[in-house]
Amino acid sequence: MMGSLASLTERFGDSCHEFDCCDTTFRVQATGVRADAAVTAARDTAESLEAQLNAFDEASAVSQLNRDGAVANEHVACIVRRGLEYKDRTEGVFDIHQGRVEQALKTFLRGDSDTQPTDFDTGTVHVRGSQVSTDVELDLNGLAKGYIVDRASETLAGLGRRGFVSGGGDMSPPTGPVAIESPYSDDTPLKILDTEWSVATSGGYRRSRDGTDHIYDATTESLGSRHESVTVLARRDCMEADALATTLAALPLDEAREVAAEWDGLVALIIHEGVFHTTERFDAHVMDA
């Protein structure tokens, strides 16, 4: 009897794993048939992708690309294609050509250097199949975490099973209500979401030093988020939510609101100088709104 019960629990139940990935805590949760095996597979997927996409790991595919100017990797190619798409659609505000700037910013924020980047780059990137070539270092950080969330989430899918992946503010479509974290160091959530769209939150409050954070605008060559917090919900996937949260955080308020309002399949909440600014249909994704 006990063996049968254990077997049933293994085949149908709840499972949740937390682990370090992408300089943050990932949480993978699943309910249903073989939930534990699915969560383990999702974690393995996330950790495998991190090893390939971590620009600070010399053995990663991204480091090889930035070092040698070329790499064959299907995941890097997929992210680069999307990055070039967003560079075009945001008129250069989201710009993957700034790998040198991103490296200098992260080194500064980690306290390993006292020098902030001052010069921005231009360059060319070519993608053919899984082959990527470039004459400039690339910054894929604004897409990589969302991509990892999306791919890990895919491993949770299955008949009689549902789940989600959350990683440091980026989340696949949640299976229940989720809170938007406050940027003001308190426990009161900004909003409680009830949505079937992917979620990403960005802002200078997460990582900053001496008033500088990880956000930049290549078109104005300026550093720092212009808002306390930006939360984006995207119908397409978490990679799109990730990229647009970064983009809106870099833009002045009026421009950020305009981009968000005109982007199909996207709603946003921007916290600017303590004031909440939402796009027209944002409240449809909020509980009891």
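About the cut-offs
Residues numbered from 1 in each chain as written. Predicted model: local features only at pLDDT ≥ 70, side-chain atom pairs only at ≥ 80, totals over all residues. Heavy atoms only, no water. UniProt positions renumbered as here; feature names shortened; annotations may be inferred. Salt bridge = Lys/Arg side-chain N within 4 Å of Asp/Glu carboxyl O. Buried < 20%, exposed > 50% of the residue type's maximum accessible area, 1.4 Å probe, protein only. Helix = DSSP H or I, 4+ residues; strand = E, 2+ residues; numbered from the N terminus. Domains from an automatic or database assignment. Contact = heavy atoms within 4.5 Å. Buried area = accessible area lost by both parts, 1.4 Å probe. Polar contact = N/O pair within 3.5 Å; in protein donor to acceptor, adjacent residues only side chain to side chain. Pairing = 2+ DSSP bridges. Axes fitted to C-alpha atoms, helices over the stretch in contact; angles between N-to-C directions. Core = buried A, V, L, I, M, F, W, Y, C linked by side-chain atoms within 4.5 Å.

In the annotation of an unreviewed UniProt entry, the protein chain is listed under the name FAD:protein FMN transferase and assigned to Haloarcula argentinensis. Within the UniProt record for the protein chain, the comment given under Cofactor (unreviewed entry) is "Mg(2+)". The record held by UniProt for the protein chain lists under Catalytic activity (unreviewed entry) the comment "L-threonyl-[protein] + FAD = FMN-L-threonyl-[protein] + AMP + H(+)".

### Concerning the pattern of salt bridges
On inspection of all chains with the given rule, the structure shows 13 salt bridges. Note that Arg27 is salt-bridged to Glu18, the shortest N-O span being 3.7 Å. On the basis of relative accessible area, Arg27 is assigned to the partly exposed category, the value being 31%. In this structure, the salt-bridge partner of Arg235 is Asp264, at a minimum N-O distance of 3.0 Å. Here Arg235 is found in the loop between strand 15 (229-234) and helix 7 (238-250), whereas its partner Asp264 is found in the loop between helix 8 (253-262) and strand 16 (266-272), with 29 residues between them in sequence. Connected through salt bridges with shared partners, the residues Glu85, Arg89, Arg236 and Glu240 form a single ionic network.

### Structural notes on the domain arrangement of the protein chain
If you check the domain split of the protein chain, you get domain 1 (10-55 + 143-170), domain 2 (61-138) and domain 3 (176-288). For domain 2 and domain 3, the distance between their C-alpha centroids amounts to 22 Å. The partner domain 3 presents 25 residues to the 24 residues of domain 2 that form the contact. Summed over both partners, the interface of domain 2 with domain 3 buries about 2100 Å², with 65% contributed by carbon and sulfur atoms. Run the count over domain 2 and domain 3 and you get 2 salt bridges. Run the count over domain 2 and domain 3 and you get 3 residue pairs in polar contact (both at pLDDT 80 or more). Contributions of two or more residues to the side of domain 2 that touches domain 3 are made by helix 4 (74-89) and helix 5 (99-109).

### Details of the sheet that holds strand 4 (residues 125-128)
Taking strand neighbours across the sheet as the criterion, the 3 strands line up as 3-5-4 in an open arrangement whose pairing is antiparallel. A strand with exactly one partner marks an edge of an open sheet, and here the two such strands are strand 3 (70-72) and strand 4. Put simply, the sheet's adjacent strands are angled 10 degrees from each other on average, direction ignored. Taken together, the 4 bridges between strand 4 and strand 5 (residues 131-134) define a ladder with antiparallel strand orientation. Paired with Val125 across the bridge in strand 5 is Thr134. Each of strand 3 and strand 5 touches helix 3 (residues 61-68); the most contacted strand, strand 3, lies at about 150 degrees to it.

### Looking at the nonpolar core
Core analysis: the biggest nonpolar cluster contains 60 residues, and Leu53, Val76 and Val232 have the highest contact counts within it. Top element by residues in this core is helix 7. It accounts for 9 residues. Not counting residues within four places of it along the chain, the set of residues in contact with Leu53 comprises Ser60, Val62, His75, Val76, Ile79, Ala144, Tyr147 and Ile148. If you look at the next biggest cluster of nonpolar residues, it comprises 14 residues, including Ile180, Leu233, Val267 and Ile271.

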